[in-house]
Amino acid sequence: MAAGLSACVLTPTGEPIITSSSSVSAVTAGAPPAPPSSETREHERLIEAYGGVYSDPNVERSVARVVGRLVAASDDPSRSYRITILNSPAINAFALPTGHLYITRGLLALANDRSEVAAVISHEMAHVTAQHAVARQRRAQAIAVANRVVSNMVSNTEAAEQARETTQLSLARFSQDQELEADTVGVRTLAAAGFDPFAASRFLESMSRYAALQSASSGREGLDFLSSHPSTPSRIEMAKRSARQFGAPGIGQQEREAYLKSLDGMLYGDDPREGYVRGQQYLHAGLGIGFTVPDGFVLKNTPEAVLATDGDRTALRFDGVALPEGMSLSDYLRSGWVKGLIEESVREETVNGLSAASASAIAEGWSFRVGVVSAGTRVYRFIFATSRPSGRFDSAFEETFKSFSQLSRTERANLKPLRIRIVTVKPTDTLESLSTQMQGVTRTERAPLFSVLNGITESAPLAPGQQVKIVAD
């Protein structure tokens, strides 16, 4: 973890001041009281789960101005909020009852103007002012008690299960009602702050398009926000109806150019500390390693491991651990961490000049191919799993395992993180010419991702002079 991260604090006049902090980088409106110990633990857990805190003075100042305007226009301007920008490419935002708000840099990258960011933040502020988290916790506790009573009183297991399903459905509906209420209050706050009230429905549409794009890419995840904030057509239409109460489309401020300027240079995608996914490749400059998965597999980088799937019941997990001193790789495979190991399948081999070993296993209806390779002081593990073993499964494992290699000094030096770059559309530019500049994704994903990141649709086409986001190193 880096020390001396910056923090952006709002003064009573709404002007941001950059100060120093040894723990987190946050945008603060007011001075919130110290949260209870449970809230402190939850705050720390969220920061750890989402890659730490992202520090970028330009982004912080931009978000600070949004928060200041929203607080002043909210139903309770005296309420204090603290917003933390999380260092995660996932698209998510959430709130704690104390007024601590969280937004990921992945969500900021998807937004196209300050009004869209304001829509997300005002929605989360509404959850706080309406005490939704407290109400939901009480409802969940009541449901848990009801379920226990049902289990003790009803001998018919089918009736008991039906009762539990009914109570869970009640909680789901309760949560949905909270989301709709937060939407309504959020749009009202948006309009009161002078932002475009239609930004809420516009961003919901962007999230829906992004989710569809990720789903088309063999089920790649990343849009966590939709799991608790479903972007259904009916919800989008309700957000539009709420906005129409304040006027026709075109009212309110969007502040697109100023917002995009603040994003220029912002980290996009994987954090360098976790390595990079580049199409079918995983590369880690710090560890000096890399490997390639076959066509059709989609890689996902997480703090714990690199995951991949072919979308058809075959999955890969890759990670690195310390090898016990004096233990051979074949003995390591036999040391008990591989369930259902087929003893006679263990064999030692060489992968691109590195000592390696592989084996097969069968456990709980799944077939596994496991490979370990030694590089430096660590052993790297490939675990392929499928419920449908075939020659294709074996070849996918072999191709991936044999692709593992150590990066050269030049390769490591040339490996740079992806960032958001802002460019101005020239009269000769087209969707195709601009999307070819996109890096870090496969060729077929470039144009769709460019369109989604910039809100390009048939009704909102590219226009000369328009500023757009490009993902490049």
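For the structure, see preceding data.
Sequence order as written defines residue numbering, which begins from 1 separately in each chain. Selection of residues for local features in this predicted model requires a pLDDT of at least 70, selection of side-chain atom pairs for listing and counting requires 80 or more, and totals for whole chains, interfaces and linings are taken over all residues. Excluding hydrogens and water, the side-chain figures rest on all heavy atoms present in the structure.

On to helix α10 (residues 256-263), then. Listed in full, the buried residues belonging to α10 are Tyr259, Leu260, Ser262 and Leu263. Looking straight down α10, one finds that the buried residues subtend no more than 155 degrees of arc, so they occupy a single side. In α10, the exposed positions that point more than 90 degrees away from the buried face belong to Glu257 and Lys261. Every residue pair with non-hydrogen atoms within 4.5 Å of one another is taken to be in contact. For helices the rule is a DSSP run of H or I covering at least 4 residues; for strands it is a run of E covering at least 2, with both sets numbered from the N terminus onward. In the core, the buried residues of α10 are packed alongside α2 (57-73), α3 (105-110), α4 (114-129), β18 (419-424) and β19 (467-472). Downstream of α10 by a residue or two, Gly265 has a phi angle that is positive, lying close to 95 degrees. Relative accessible area decides the class of each residue, using a 1.4 Å probe on protein chains only: under 20% of the type maximum gives buried, over 50% gives exposed, and in between gives partly exposed. The arc in question is formed by the directions pointing from the helix axis toward the C-beta atoms.

Below, the discussion takes up the sheet that holds strand β7 (residues 276-278). The strands making up a sheet associate through backbone hydrogen bonding, with each pair oriented either parallel or antiparallel. A pair of strands is considered paired only if DSSP assigns at least 2 bridges between the two. Taking strand neighbours across the sheet as the criterion, the four strands line up as β7-β8-β9-β17 in an open arrangement whose pairing is antiparallel. Looking at which strands have only one partner, the edges of the open sheet turn out to be β7 and β17 (405-406). Packing against the sheet, helix α12 (residues 391-403) makes contact with β9 (289-292) and β17, and its axis sits at approximately 155 degrees to β9. In this analysis, axes come from line fits to C-alpha atoms, helices being fitted only over the stretch in contact, and the angle between any two N-to-C directions falls in the range 0 to 180 degrees.

Bringing α12 into the picture now. An ideal rise of 1.5 Å per residue puts 18 Å on 13 residues; α12 measures up with 18 Å between its terminal C-alpha atoms. Residues of α12 that are buried: Phe393, Ala396, Phe397, Thr400 and Phe401. With its buried residues spanning 120 degrees around the axis, α12 presents them on a single face. Seen from the buried face of α12, the exposed residues on the opposite side, beyond 90 degrees, are Gly391 and Arg392. A helix's residues, less one, multiplied by 1.5 Å, set its expected span.

Our next topic: the pattern of salt bridges. Any Lys or Arg side-chain nitrogen found within 4 Å of a carboxyl oxygen on Asp or Glu counts as a salt bridge. The final tally for this structure, using the stated rule, is 23 salt bridges. Of the charged contacts in the structure, one is a salt bridge between Asp196 and Arg202, with a shortest N-O distance of 2.8 Å. Close ionic contact of Asp394 with Arg369 constitutes a salt bridge, the shortest N to O distance being 3.2 Å. Taken as a pair, Asp394 in helix α12 and Arg369 in strand β15 (residues 366-375) lie far apart in primary sequence, 25 residues in all. Residue class for Asp394 comes out partly exposed when judged on its relative accessible area of 32%.

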